[in-house]
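# Structural characterization, general
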Amino acid sequence: MRTPFVVGNWKLNKSIAEATALVTELKNQLGTVKGVQVGVAPTLVALSSVVKRLEGSSIAVAAQNCHWETSGAWTGEVSPPLLADAGATWVIVGHSERRQFFGDTSEGVGKKAAAVLAAGLGVIVCVGESLAERDGGRTLSVVDEQLMAGLAPIETMDPAKAAKLVIAYEPVWAIGTGRTATPAQAQEVHAYIRQRLASRWNAAVAEAVRIQYGGSVKPSNAETLMSEKDIDGALVGGASLEAADFIAIVKAARSA
Ligand code: PGA
């Protein structure tokens with residue numbers, strides 16, 4: 001049995017004051033929620049304040065990106081050990097906005113994912129096709145390339161540790177557009193990803209890894225999406241910026 005994992009990806013939103021106000025509300029309402037793992041991914045500037053505010057709750061804090069190197073002459077970058085030092089326990093890598101606007105490659109995403117796990121943190125590896133790729137019938141081949149390159153540097157994966165690896169399937173055409181993949185469209189790709197995890201490592205690992213769906217998840221569609229067999233939670237952008245919407249999505253994950 002996989003525990004669903006719902007993470008709010010705040011992207012470039014919220015001041016420190018706004019971020020701490022939002023997590024105060026989440027902590028009050030979800031601090032002891034059972035049956036669902038919950039996380040938030042604030043900006044780096046707000047991360048430490050959010051960690052501090054969430055002390056004593058089970059809500060995890062994630063970073064939205066990192067570098068694969070530990071330290072050195074990498075102006076503007078932050079490493080997994082430093083994120084751990086700041087209290088983060090998860091890092092998102094390979095988000096489509098990173099791939100599209102900041103030149104992140106699947107190979108680089110793999111190096112980041114391995115560095116995050118090596119630092120003892122959990123990693124959320126994002127994959128997903130563009131609209132042109134879907135329309136061209138290339139969804140599974142694009143996802144396959146991103147997934148296999150993103151996992152290549154992670155040589156072994158122990159089923160007992162597989163809960164620290166999460167894959168987020170986020171079709172690019174569904175991100176921030178209000179257009180969600182249908183449960184059947186998402187399930188098809190999630191099942192494919194699970195099958196590829198089994199061939200990359202083994203069936204026990206494939207059964208243990210959580211696969212989140214992301215792309216215009218909202219209270220009205222969360223439960224049907226997460227009721228699909230291979231959808232184990234959500235990576236939520238826009239709807240995670242409002243406490244009521246995000247809380248409703250977490251509760252939908254519990255019901256699903
Ligand atoms: P969205 O973003 O929920 O606003 O579509 C999801 C994401 O980019 O992780």
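This section reports on the structure supplied with the text. None of the values given here were measured: they were computed from a predicted structure. (Residues numbered from 1 in each chain as written. Predicted model: local features only at pLDDT ≥ 70, side-chain atom pairs only at ≥ 80, totals over all residues. Heavy atoms only, no water.)

## Describing the environment of Ala41
When you line up the elements, Ala41 lands in strand 2 (residues 37–41). Its relative accessible area of 0% is what places Ala41 among the buried residues. Spatially, the C-alpha atom of Ala41 lies 13 Å from that of Leu26, the residues being 15 residues apart in sequence. Once residues lying within four places of it in the same chain are set aside, the contact partners of Ala41 are Gly8, Asn9, Trp10, Lys11, Ala62, Gln64 and Ile92. (Helix = DSSP H or I, 4+ residues; strand = E, 2+ residues; numbered from the N terminus. Buried < 20%, exposed > 50% of the residue type's maximum accessible area, 1.4 Å probe, protein only. Contact = heavy atoms within 4.5 Å.)

## Describing the site of the ligand
Close to the ligand lie 13 residues; Lys11, His95, Glu170, Gly176 and Ser216 are nearest. Between the ligand and Gly176, the relevant distance is 2.6 Å, taken from an oxygen atom to a main-chain nitrogen or oxygen of the residue. The backbone of Ser216 places a nitrogen or oxygen atom 2.7 Å from an oxygen atom of the ligand. Of the residues assigned to the shell around the ligand, the class counts are four nonpolar, seven polar and two charged. (Near = heavy atom within 4 Å. Polar contact = N/O pair within 3.5 Å; in protein donor to acceptor, adjacent residues only side chain to side chain. Nonpolar A, V, L, I, M, F, W, Y, C, P; charged D, E, K, R; others polar.)

## Observations regarding the pairing of strand 1 (residues 5–9)
Across the five residues that make up strand 1, a large majority, five, are buried. Here strand 1 shows no split at all, with Phe5, Val7 and Asn9 on one side and Val6 and Gly8 on the other all buried. Pairing geometry for strand 1 and strand 2, over five bridges, is parallel. Following the sheet pairing, Gly8 is matched in strand 2 by Val40. Following the chain from strand 1 across helix 1 (residues 16–30) to the adjacent parallel strand 2, one finds a crossover that is right-handed. Note that strand 1 and strand 8 (residues 233–236) share four bridges and pair parallel. Across the sheet, Phe5 pairs through a bridge with Gly233, a residue of strand 8. (Pairing = 2+ DSSP bridges. Right-handed = clockwise from strand over helix to strand, strands pointing away.)

## Description of helix 10 (residues 219–226)
Burial in helix 10 covers these residues: Asn221, Ala222, Leu225 and Met226. For helix 10, the angular spread of buried residues about the axis comes to 120 degrees, placing them on one side. Where helix 10 is buried, its residues meet strand 1, helix 8 (183–200), strand 7 (210–214), strand 8 and helix 11 (243–255). (Arc of directions from axis to C-beta.)

## Some remarks on the packing of helix 10 against helix 11
One way to put it is that helix 10 packs onto helix 11 with a least axis distance of 8 Å and a crossing angle of 20 degrees. Considering their axes alone, helix 10 and helix 11 lie roughly parallel with respect to each other. Relative to helix 11, helix 10 is oriented so that their crossing is right-handed. Taking contact as the criterion, the partners of Pro219, Ala222, Glu223 and Met226 in helix 10 are, on helix 11, Asp245, Ala248, Ile249, Ala252, Ala253 and Ser255. When the residues that make up the contact of helix 10 with helix 11 are grouped by side-chain class, the tally is seven nonpolar, one polar and two charged. (Axes fitted to C-alpha atoms, helices over the stretch in contact; angles between N-to-C directions. Parallel < 35°, antiparallel > 145°, perpendicular 65-115°, else oblique. Left-handed = near helix turned anticlockwise from the far one by under 90°.)

## Comments concerning the sheet that holds strand 3 (residues 60–63)
Pairing is parallel around the closed barrel formed by eight strands, whose spatial order is 1-2-3-4-5-6-7-8. This sheet shows a mean twist of 25 degrees between the axes of neighbouring strands, independent of strand direction. Looking at chain direction, strand 5 (residues 122–127) and strand 6 (residues 165–169) are connected through five bridges and run parallel. Following the sheet pairing, Val127 is matched in strand 6 by Tyr169. Together, strand 5, strand 6 and strand 7 form the strand contacts of helix 8, whose direction differs from that of strand 7 by roughly 150 degrees.

## Details of the state of the cysteines
This model, assessed by the stated rule, comprises zero disulfides. This cysteine, Cys66, is not joined by any disulfide, and Cys126 carries the nearest cysteine sulfur, 12 Å off. Overall, the relative accessible area of 1% leaves Cys126 in the buried class. (Disulfide = S-S within 2.5 Å.)

## Structural notes on the environment of Thr156
Within the secondary structure layout, Thr156 lies in the loop between helix 7 (139–151) and strand 6. A relative accessible area of 68% means that Thr156 is categorised as exposed.

## Things to note about the pattern of salt bridges
Pairing between side chains becomes possible if they bear opposite charge and their charged atoms approach one another. The tally for this structure, following the rule as stated, stands at ten salt bridges. Glu97 is the partner of Lys11 in a salt bridge, and the nearest nitrogen-oxygen pair spans 2.8 Å. Taken as a pair, Lys11 in the loop between strand 1 and helix 1 and Glu97 in helix 4 (residues 96–101) lie far apart in primary sequence, 86 residues in all. The exposure class assigned to Glu97 is partly exposed, which follows from its relative accessible area of 23%. Its salt-bridge partner being Arg98, residue Asp104 comes within 3.5 Å of it at the nearest N-O pair. Using a relative accessible area of 22% as the deciding quantity, one classes Arg98 as partly exposed. Among the ionic contacts, a cluster of salt bridges with common partners joins Arg2, Arg194, Glu207, Lys229, Asp230 and Asp232. (Salt bridge = Lys/Arg side-chain N within 4 Å of Asp/Glu carboxyl O.)

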